[in-house]
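Structural features, examined
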Amino acid sequence: MEVSLTSTAAAATKQVEQQQQFALASLTDLASCCSSSSYVASASSSSPAVATFSADDGVAELRFRRESDSDGGGVVNVDLTTAQLWKLGPTQTVCIFGGSDCDSNEEKYSKGVTVQFRNEEESRIFHCAFEQWKKKGIITQGESLPNGTLSSKSKFDDKIEPSSAKMYFHYYGQLLHQQNMLQDYVRTGTYYAAVMENRADFFGRVVVDVGAGSGILSLFAAQAGAKHVYAIEASEMADYATKLIAGNPALGERITVIKGKVEEVELPEKADILISEPMGTLLVNERMLESYVIARDRFLAPTGKMFPSVGRIHMAPFSDEYLFVEVANKALFWQQKNYFGVDLTSLHGSAFQGYFTQPVVDAFDPRLLVAPATYHVLDFTKMKEEDLYELYIPLKFTASVGTRVHGLACWFDVLFNGSTVQRWLTTAPGAPTTHWYQLRCVLSQPLYVMAGQEITGSLRLVAHSAQSYTIHLTLSAKMWGVGAEQGGILQTSSCKLDLKEPYYRMSQPYAMPQDQQPHQLVPTQDVHIQADDLDDTDLIQPLQNLEAQLP
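Here the structure is a predicted model, which is why all the values come from computation and not from measurement. (Residues numbered from 1 in each chain as written. Predicted model: local features only at pLDDT ≥ 70, side-chain atom pairs only at ≥ 80, totals over all residues. Heavy atoms only, no water.)

Here we look at the overall build of the protein
Applicable threshold: Under the scheme used here, helices are H or I runs from DSSP no shorter than 4 residues and strands are E runs no shorter than 2 residues, and both carry numbers assigned from the N terminus. Residue burial is assigned from relative accessible area. The probe radius is 1.4 Å, only protein chains are included, and a residue is buried under 20% of its type maximum, exposed over 50%, and partly exposed in between. We call two residues contacting when some pair of their heavy atoms lies within 4.5 Å. Exposure was quantified through the Shrake-Rupley algorithm and a 1.4 Å probe, taking into account, for residues, occlusion by the shown protein chains and nothing else.
Each helix and strand in the protein was counted, giving 14 helices and 26 strands. Relative to its full complement of 551 residues, the protein shows a buried share of 52%. Expressed as a percentage of contacts within the protein between residues at least 6 apart in sequence, the contacts between residues at least 24 apart total 74%. A total of about 24,700 Å² of accessible surface is found on the protein, and carbon and sulfur atoms cover 52% of it.

What follows is the structure in structure tokens.
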């Protein structure tokens, strides 16, 4: 991956943004003798609050904020260098800290708040965090921690451009985008079924929700009887997750929301279960799978489980004349010779090629596929983070029909390998549509093939610092007929695409035009894979039991 020198230098000088949040049942001020203090004015107040540990400008601080105070007047800032905690009971603690000068004299008086936790577990975790933040102040570069090694510049910051990260966390910090994912009932329903059907894996266990978003998966885990759930979320959605979880107190008392990146936060204990929804377009877009693997290495116990545990990228050549013409015709604008007196034709070739650098995201008819699909396995339980920096997938197909091949169609599925039930979440064409849809790489130069002709090539995905991948696709049609056994390539077509900049075509009608020749129908049910298949992440296997070509 390439990161600009400017971005690297800026990231190297940037302070670590550490933050850890706790929802509190109530916060009550202790009385002070300084009657003029605004602090006394709210001394009798007691209301739900949020405690936030943070490190700004290298100074560790604890901040209490009442949920009922929207104007900021109820915020209590605590200097951790002078603060002390005193336990009054299993779920009640007094925090004493330095105060400011009174108007009547030059002495400083201590201030304090009484903190009521929702349960003993959260009280214990808060006290543990308090001692860590107080002792360490701010994590120093390379310091060894219980959940792995942190540095002032995390792996995430090393790999990702700050501007991309800012846009990414802003996007997922908005409720409307969370709603879009929650309303994908195939996605959400499959996660719910995978958790509830495997209650035995969750009951009484510690669960970590990686990239918790709205906290919906954390709530599912709590419904399944999890002992405690740590919901890690780096975007502002963590605040909404805290509110949603507090609105479900029967479940929320066993959930702790931690605001921060999985590469940076600390947890007080190891997890028995990791649950996450780290999949992007083509499975790997947004590069969250890397954070999922890092969370595995930092937080998961040796015998722990991952939900999901395996992902597969499926691929097959397709023929879609209408799509090809649609993409090619976008460049017709640049064929104008008199556009307000300007000849645009010199840029037509560049524009034509430019439109073919966009992967097409839509739902297509599986009858457009011209050969049985193959798949590439990613085993999240075994692979290294670095394995996701570049994926190389050799391709080999046998054409089922004679037609023009316009490119490669891709989709993915993931496996929830529970002790009771194994459940797949699939985005296959012909299956119920998800918000991921499918993806197609369109060649600017189609290939001509005959039925039975071999199609070979490769798909190479190279990660880049904008949280996505560059796609390198090559397809070749080998000689067919007499003399084919002697080898040789008849024709080859290649393309380079940016997964970060797709052409979203989801609004196009799903039904295939009447006059377009249908090809084979790929079954929407997932084929069973053996455990041995998961040991080789480079494995490519054809799908079996394809239905006969439609008339």
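Regarding the sheet that holds strand S23 (residues 468-478)
Under the convention used in this document: Paired strands, in this sense, are two strands between which DSSP finds at least two bridges. Axis definition: a line fit to C-alpha positions, over the contact stretch in the case of helices; interaxial angles, taken between N-to-C directions, run 0 to 180 degrees.
Taken in spatial order, the four strands line up as S18-S22-S23-S24 in an open sheet, and their pairing is antiparallel. In this open sheet, the two strands that pair with only one neighbour each are strand S18 (390-398) and strand S24 (489-498). Taking the axes of each pair of neighbouring strands and ignoring which way they run, one obtains an average angle of 15° across the sheet. Both S23 and S24 contribute to a ladder of nine bridges, which runs antiparallel. In the sheet register, Ile471 faces S24, and the bridge partner there is Leu497.

Considerations on helix H10 (residues 237-246)
Basically, it comes down to this: Arc, as used here, means the arc of the directions from the helix axis to the C-beta atoms.
Taken together, the buried positions of H10 are Met237, Ala238, Ala241, Thr242 and Ile245. Viewed end-on, H10 has its buried residues packed into an arc of 150°, placing them on one side of the element.

Observations concerning the nonpolar core
Defined as follows: To qualify as a nonpolar core, a set must consist of buried Ala, Val, Leu, Ile, Met, Phe, Trp, Tyr and Cys residues joined through side-chain atoms within 4.5 Å.
Counting 121 residues, the largest nonpolar core has Leu62 and Phe64 as its most contacted members. Contacts of Leu62, omitting those with residues within four sequence positions, involve Ala51, Thr52, Phe53, Val76, Asn77, Val78, Leu80, Cys95, Phe126 and Phe130.

Considering the pattern of salt bridges
Applied cut-off: A carboxyl oxygen of Asp or Glu within 4 Å of a side-chain nitrogen of Lys or Arg is what we treat as a salt bridge.
Inspection of every chain in the model, using the stated rule, returns 24 salt bridges. Across the pair Glu385 and Lys159 runs a salt bridge whose closest N-O atoms are separated by 2.9 Å. Here Glu385 is found in the loop between strand S17 (374-379) and S18, whereas its partner Lys159 is found in helix H4 (residues 155-159), with 226 residues between them in sequence. When its relative accessible area of 6% is taken as the criterion, Lys159 is described as buried. Between Arg187 and Glu277 there is a salt bridge, with the nearest N and O atoms lying 2.7 Å from each other. A residue pair is termed long-range when its members are at least 10 positions apart, and Arg187 in helix H7 (residues 185-196) and Glu277 in the loop between strand S13 (271-276) and helix H12 (288-299) qualify at 90 residues.

Section: the sheet that holds strand S12 (residues 255-259)
The strand order across the open sheet formed by five strands is S12-S11-S10-S13-S14, and the pairing between neighbours is parallel. Each edge of the open sheet carries a strand with a single partner, namely S12 and strand S14 (300-307). The mean inter-strand angle of the sheet, taken between neighbouring strand axes irrespective of direction, is 25°. In this sheet, S13 lies alongside strand S10 (residues 206-210) in parallel orientation, the contact comprising four bridges.

With respect to a nonpolar patch on the surface
Test applied: Exposure above 30% relative accessible area and no salt bridge define the residues that can form patches, which grow by joining like charges within 9 Å and nonpolar side chains of Val, Leu, Ile, Met, Phe, Trp and Tyr within 5 Å.
Residues Phe333, Tyr339, Phe340 and Val342 make up a contiguous nonpolar surface patch of roughly 440 Å² in combined accessible area. Structurally, Phe333 is set in the loop between helix H13 (321-329) and helix H14 (348-355). Of the residues examined, Phe333 reaches a relative accessible area of 36% and is grouped as partly exposed.

Re the packing of aromatic side chains
Rules: Two rings from Phe, Tyr or Trp (for Trp, the six-membered ring) form a pair when their centres sit within 6.5 Å of each other. Planes less than 30 degrees apart are called stacked, planes more than 60 degrees apart edge-to-face, and all others tilted.
Under the counting rule described, the total for this entry stands at 20 aromatic pairs. When the centroid spacing of 5.7 Å and the interplanar angle of 40° are considered together, the rings of Phe156 and Phe169 count as tilted. In this pair, Phe156 is assigned in helix H4 and Phe169 in helix H5 (residues 162-172), connecting sequence segments 13 residues apart. On the accessibility criterion, Phe156 (8% relative accessible area) is buried. A ring pair is formed by Tyr171 and Tyr172, whose centres lie 4.9 Å apart and whose planes are at 80°; its orientation type is edge-to-face. Residue Tyr171 is classed as partly exposed on the basis of its relative accessible area of 36%.

Comments concerning the layout of surface pockets
Inclusion rule: Only protein atoms enter the 1 Å grid used here, on which a cavity is any set of points holding a 1.4 Å probe that cannot leave and a pocket is any open set flanked by protein within 12 Å on both sides along at least five of seven lines; residues with an atom within 4 Å of a point are listed as lining. Grid points are joined across faces, edges and corners, and a volume is the space filled by probe spheres set on the points.
Approximately 1,200 Å³ is the volume attributed to the largest pocket. If you go around the largest pocket, you meet 50 residues; those closest to its centre are Tyr168, Tyr171, Tyr172, Met181 and Glu286. Taken together, the elements giving at least two residues each to the lining of the largest pocket come down to H4, H5, helix H6 (175-182), helix H9 (216-223), strand S11 (228-233) and H12.

Points about the packing of H7 against H9
Just so we agree on the cut-off: Note on terminology: angles under 35 degrees are roughly parallel, angles over 145 are roughly antiparallel, angles of 65 to 115 are roughly perpendicular, and the others are oblique. When the near helix sits turned anticlockwise from the far one by under a right angle, the crossing is termed left-handed; a clockwise turn instead gives a right-handed crossing.
Following both chains from N to C, one finds H7 and H9 inclined at 25°, their axes separated by 9 Å at the closest point. Judged by the inter-axis angle, H7 sits roughly parallel to H9. Crossing geometry of H7 relative to H9 is assigned as right-handed. Residue-level inspection shows Thr188, Tyr191, Tyr192, Val195 and Met196 of H7 in contact with H9, the latter providing Leu217, Phe220, Ala221 and Gln223.

Side note on the side chain of Ser235
Counted only if it meets this: Whenever two N or O atoms come within 3.5 Å, that pair is a polar contact, provided that in protein one can donate a hydrogen and the other can accept it, and provided that, for residues adjacent in sequence, both atoms are side-chain atoms.
Mapped onto the elements, Ser235 comes out in the loop between S11 and H10. Within the local environment of Ser235, its side chain forms a polar contact with the side chain of Glu233, the two groups lying 2.6 Å apart. Excluding anything up to four places from it in sequence, Ser235 contacts Phe169, Tyr172, Gly173 and Lys259.

Thoughts on the environment of Val75
As for its position among the elements, Val75 is in strand S4 (residues 75-79). It is 9.7 Å that separates the C-alpha atoms of Val75 and Val50, two residues lying 25 residues apart in sequence. Excluding residues that lie within four positions of it along the chain, Val75 makes contacts with Arg63, Phe64 and Arg65.

Here's the deal with the state of the cysteines
The criterion, for reference: Any two cysteine sulfur atoms lying within 2.5 Å of each other are counted as a disulfide.
As enumerated under the stated definition, the model contains zero disulfides in all. Among the cysteines around Cys495, which has no disulfide bond, Cys441 carries the closest sulfur, lying 5.7 Å off.

So, the side chain of Asp184
Selection rule: The positive count covers Lys and Arg only, the negative count covers Asp and Glu only, and His and the chain ends enter neither.
Relative to the assigned elements, Asp184 resides in the loop between H6 and H7. Despite its burial, Asp184 remains without a salt bridge, the nearest opposite charge being carried by Arg187 at 5.6 Å. Side-chain polar atoms of Asp184 contact the backbone nitrogen of Arg187, separated by 3.1 Å. Excluding anything up to four places from it in sequence, Asp184 contacts Thr433, Thr434, His435 and Trp436.

A look at unusual backbone geometry
With an omega of 5°, the peptide bond running from Phe307 to Pro308 counts as cis. Phi is positive for Leu283, close to 75°, though the residue is something other than glycine. Structurally, Leu283 is set in the loop between S13 and H12. Here Arg287, not a glycine, exhibits a phi torsion of approximately 60°, which is positive. Relative to the elements of secondary structure, Arg287 occurs in the loop between S13 and H12. Residue Arg287 is classed as buried on the basis of its relative accessible area of 4%.

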